Amino acid sequence: MASSNHHIPIETEFKTIMDSLPGMIRISGADNLFYFFNKGWLRFTGRTLQQEYGIGWTEGIHPDDLLRYKDIYAVSVGAHTEFIVDYRLRNYDGSYRWVAEQGSPRFLPDGIFSGYISSCIDINEIRETDRQKSEYIQTEALAREQFLNEELASFNEELASTNEELASSNEELASSNEELSATNEELLQSRESLALLNNELEHQVKLRTAELSRSQDDAINQRDRLKRFFMQAPAGICILDGPELIFELINPPYQQLFPGRNLLNKRLLDAVPEIKGEPIWDILQNVLQTGKTYEGNELLIPLVRNEGGAVEDRYFNFIYQARYDKDHVIDGILVFVIEVTDTVLTKLKIQEEAERFQTQLNAIPQIAWTNTVSGEVDFYNHQWYNYTGLDFEQTKAWGWKDVIHPDDLQYNLKTFDEIIKGKVGGEFEIREKRKDGAYRWHLIRILPITNEDGEVARWIGTATDIQELKMLQSQKDDFISIASHELKTPVTSLKASIQLMDRMKENPSPVMLPKLITQAARSVDKISELIEDLLDASRVNQSQLSIVKTTFKASEMLEGCCNHVRIEAKHELIFQGDKELTVFADEHRIDQVVINLVNNAVKYAPNSKTIYLIAETAGDYVKISVRDNGPGIAPDKIPDLFSKYYRAEYTGVQYSGLGLGLYISAEIIARHGGRIGVDSELGKGSTFWFTLPINH
Ligand code: ADP
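Residues numbered from 1 in each chain as written. Predicted model: local features only at pLDDT ≥ 70, side-chain atom pairs only at ≥ 80, totals over all residues. Heavy atoms only, no water.

Let us now look at the packing of aromatic side chains. Here the structure, examined in full by the defined rule, presents 24 aromatic pairs. Taken together, a centroid distance of 6.2 Å and an interplanar angle of 55 degrees make the contact between F34 and F37 tilted. The same class applies to F34 as to F37, namely buried. Plain terms: the ring middles of Y254 and F258 are 5.7 Å apart, the flat faces sit at 45 degrees to each other, and that makes the pair tilted. Considered together, Y254 and F258 belong to a single accessibility category, that of buried residues. Cation over ring: R314 sits above F258, and NZ or CZ is 5.8 Å from the ring centre. Its guanidinium or amino end placed over the ring of W689, K623 lies 4.9 Å from that ring's centre, counting from NZ or CZ. (Phe/Tyr/Trp six-rings, centres within 6.5 Å; stacked < 30°, edge-to-face > 60°. Buried < 20%, exposed > 50% of the residue type's maximum accessible area, 1.4 Å probe, protein only. Lys NZ or Arg CZ within 6 Å of the ring centre and 35° of its normal.)

Listed below in structure tokens is the structure:
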């Protein structure tokens, strides 16, 4: 047929069919989120598919019907069974209209549950006419009853007056026989009209009886319908009759709450005596007295499940609603109930576990927190609040973003997002703002916590302060490039000397050769000096710096050291202080420290003609100082001078060096139990000093 020319993809075709149907249809997936609403539905609610999508549609349900809807829906969804529910749904014009919805579970050919398809019809009209009809029937019946009563009364009156007439006729009979026949005629007439009235009365009574039996039928029908609804409803429903609260009606789900227990037609307290003294009893009494509907949510009611069994802690969601008789007097209670014990117990267990987990997180030294599956933070440990100085309200959910350095935020949010979408966790580095405003680098680790099914249930995150490590890393990177550069200079010069010597090896120049040899030797010295420093630094790192102590005179050591400086003669080294002071230390290592301090003075204070070497006592220590009259050191740089790889920058002037000398010196002095430091002021020179335990 022509259909092959108009090929429509199946989804579109399906959608077209659904859209063309007059009713409201919607479809959910296996995750119970509604993803399809046909045009009929959207026309009715006046909303878009996006607005209705997922659970958006619940916004349209009348607030008074929502709880009931959810309860019915939840039970069916749990059991994958059909649900029928009526409720008020917001129309596009803002008014609420009654609709009846029937949802059927869908299963794949292999029997796997794949969601619901539900159709919904507008029953507002029907409900309205139903209501009007029963109102009409009631008022009509009343009117007819009234009319008949009036008829009867007037008939009685007529009867009475007829009797009177009869009496007077009898009197007249006695007085006048002539009038007898006339009187008889009148009597006959009265009888006729009595018969007429009787007929009329009978007719009215028949009418009324028919009317009554019709409304009785209606009432019976309605009762049957109601009963069917009660019996088929997925929630537990019962009717407690009268002040004694006698179980008048129990639907199967209600009975299911007490399997094997006999409730019907029994007084509540006789059937379920364990509730006596429980708050629930007072609640019921209150509904009976005030008529106020009571809604209980996850309420604990200790109840026996099977006859003779033990009392169990059970939790219920329920509604107690007063029932009224025709005189509008409360004559019982309607009970709607769903047992939620499993849900509540699971919730309590999860809560308990979460609390235990949070206590553990508070015990670890790092900042830690937990995220929901979607990534929102729902808990931080104490360390977070100590570090940020903020509270939970300020940082919950996504509030932590304000703590992250703006430059790190965008990239890391992406990483975070990817981690949350996966199942294995991950890590990244960011700067986090401390309460004093300083940003410090942190290593963030995100790990999943999975449930029994292996699904991610939540995330746990930790932040480890790696500021020092980061600093060291960047210094180390700088250092490697400096070290290569420092080594390259003497190696290049050594290479040049060797090349020149190679060229003249057949005919060596007596002037150049010694110069080249000296040059080469100096380069080799420089190289081995640098290598020695590097080795020392790594020895310090591995705690292998060996110290061999002997007793020696500080003055002798100071006067004998730094001959290279003395030979160069650009600076004068002057000893000051106590010549007799002896120390117990590693002479070679201390010599190395002094050489380093003197070399620094030569390097950084080139214009300081005199360099003082001073030995003096300071308590139980010998204090040795190297003083220059150089440029001095800025106060903010002093604290870092003795750190590894640290080199203060001097704008415009480039000094060679590895930034290791003072670091190694400080380690050597520390090994001797002494202290090292510097007194310096910009423009006034520097005095580097260290102390060693005195040898008495
Ligand atoms: P290096 O000399 O290899 O750079 P050091 O650890 O010996 O490494 O010195 C660290 C830093 O201390 C130097 O880079 C320099 O900025 C500063 N410094 C050391 N001694 C002096 C001094 N006498 N005067 C001024 N600055 C100095």
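Remark: helix α18 (residues 587-604) packs on helix α19 (residues 661-671), axes separated minimally by 10 Å, with the N-to-C direction vectors making an angle of 150 degrees. Crossing of α18 against α19: the hand is left-handed. Residues R589, I590, Q592, V593, N596, L597 and N600 of α18 lie in contact with α19, whose contacting residues are G661, L662, I664, S665, I668 and I669. Considered class by class, the residues forming the contact of α18 with α19 number seven nonpolar, five polar and one charged. (Axes fitted to C-alpha atoms, helices over the stretch in contact; angles between N-to-C directions. Helix = DSSP H or I, 4+ residues; strand = E, 2+ residues; numbered from the N terminus. Left-handed = near helix turned anticlockwise from the far one by under 90°. Contact = heavy atoms within 4.5 Å. Nonpolar A, V, L, I, M, F, W, Y, C, P; charged D, E, K, R; others polar.)

Taken together, the neighbourhood of the ligand is formed by 20 residues, with Y604, R647, L658, G659 and L662 sitting nearest. Take N600: an N or O atom from its side chain is 2.9 Å from an oxygen atom of the ligand. Separating an oxygen atom of the ligand from a side-chain N or O atom of Y604 is a distance of 2.7 Å. Against a free-state accessible area of 530 Å², the protein chains account for coverage of 98% of the ligand. For the shell around the ligand, the secondary-structure elements that each account for two or more residues are α18, α19 and β22 (686-693). Among the elements that take part in the shell around the ligand, α18 stands out by supplying five residues, more than any other. For the shell around the ligand, the residue count by class is 11 nonpolar, six polar and three charged. (Near = heavy atom within 4 Å. Polar contact = N/O pair within 3.5 Å; in protein donor to acceptor, adjacent residues only side chain to side chain. Areas by Shrake-Rupley, 256 points an atom, 1.4 Å probe, with all protein chains shown as cover.)

So, about empty space enclosed by the protein. In this structure the tally under the stated criterion is six cavities of 30 Å³ or more. One number sums up the size of the largest cavity: a volume of about 190 Å³. Along its surface, the largest cavity is lined by 16 residues, and Y254, F258, I301, L303 and Y320 are the ones closest to its centre. Taken together, the elements giving at least two residues each to the lining of the largest cavity come down to α9 (279-290), β8 (294-304), β9 (311-324) and β10 (330-339). At three residues, β9 tops the list of elements feeding residues into the lining of the largest cavity. Residues that form the lining of the largest cavity fall into these classes: 16 nonpolar, no polar and no charged. Here the second largest cavity is characterised by a volume of approximately 120 Å³. Lining the second largest cavity are 13 residues; nearest its centre among them are W369, W400, I404, E432 and I444. Elements with a minimum of two residues in the lining of the second largest cavity: β11 (367-371), β12 (377-380), β13 (426-433) and β14 (439-450). Here the element with the most residues in the lining of the second largest cavity is β13; it accounts for three residues. (1 Å grid on protein atoms, 1.4 Å probe; cavity = no way out; pocket = protein on both sides within 12 Å on 5 of 7 lines; lining within 4 Å. Points joined across faces, edges and corners; volume = space filled by probe spheres on them.)

Running from N to C, helix α15 (residues 512-541) and α19 point in directions that differ by 45 degrees, and their axes come no closer than 10 Å. It follows from the interaxial angle that α15 and α19 lie oblique. α19 is crossed by α15, and the crossing has left-handed handedness. In this structure, α15 contributes D533, D536, A537, V540 and N541 to the contact, and α19 contributes Y663, I664 and E667. The class makeup of the residues in the contact of α15 with α19 is four nonpolar, one polar and three charged. (Parallel < 35°, antiparallel > 145°, perpendicular 65-115°, else oblique.)

Moving on, we get to the sheet that holds β22. With respect to topology, five strands assemble into an open sheet ordered β17-β19-β20-β22-β21, the strand pairing being mixed. Of all the strands in the sheet, the pair left with one neighbour each is β17 (572-577) and β21 (676-680). Sheet twist, expressed as the mean angle between neighbouring strand axes with direction ignored, is 20 degrees. In terms of strand pairing, β21 meets β22 through five bridges, oriented antiparallel. By the bridge assignment for β22, G677 is matched with W689. Its contacts with the sheet put α18 on β17, β19 (610-618), β20 (621-627) and β22, and the angle it makes with β22 is roughly 175 degrees. Lying on the sheet, α19 is in contact with β21 and β22; it crosses β22 at an angle near 25 degrees. (Pairing = 2+ DSSP bridges.)

One pass over the full model with this rule turns up 34 salt bridges. Here D436 makes a salt bridge to R434, at a shortest N to O gap of 2.9 Å. By relative accessible area, which is 29% here, R434 ends up partly exposed. In this structure, a network of salt bridges that share partners links the residues D65, R68, D86 and R88. (Salt bridge = Lys/Arg side-chain N within 4 Å of Asp/Glu carboxyl O.)

Even without being glycine, N32 reaches a positive phi, approximately 65 degrees. Tracing the backbone shows N32 in the loop between β1 (24-28) and β2 (34-37). The phi dihedral of H328 is positive, around 65 degrees, even though this residue is not glycine.

Right, let's talk about the sheet that holds β8 for a bit. Spatial ordering of the open sheet is given by β7-β6-β10-β9-β8, a layout of five strands whose pairing is antiparallel. The sheet is open, and its two edges are formed by β7 (246-250) and β8, each paired on a single side. With strand direction ignored, the average angle separating the axes of adjacent strands in the sheet is 35 degrees. Relative to β10, β9 is paired through nine bridges, and the arrangement is antiparallel. Residue F316 lies in a different strand from β10, and its bridge partner there is E339. Where α9 meets the sheet, it contacts β6 (236-241), β8, β9 and β10, and its direction lies at approximately 140 degrees from that of β10.

You can see R440 is positioned in strand β14. Classification of R440 by relative accessible area gives buried; the value is 16%. Within the structure, the side chain of R440 is placed 2.7 Å from the side chain of D465, a separation counted as a polar contact.

Core analysis: the biggest nonpolar cluster contains 50 residues, and I590 and F690 have the highest contact counts within it. Once you skip the residues sitting within four places of it in the chain, I590 turns out to touch F552, M557, A585, I668, I669, H672, F690 and L692. Residues C238, L257, W281 and I301 belong to the second largest nonpolar core, which totals 28 residues. (Core = buried A, V, L, I, M, F, W, Y, C linked by side-chain atoms within 4.5 Å.)

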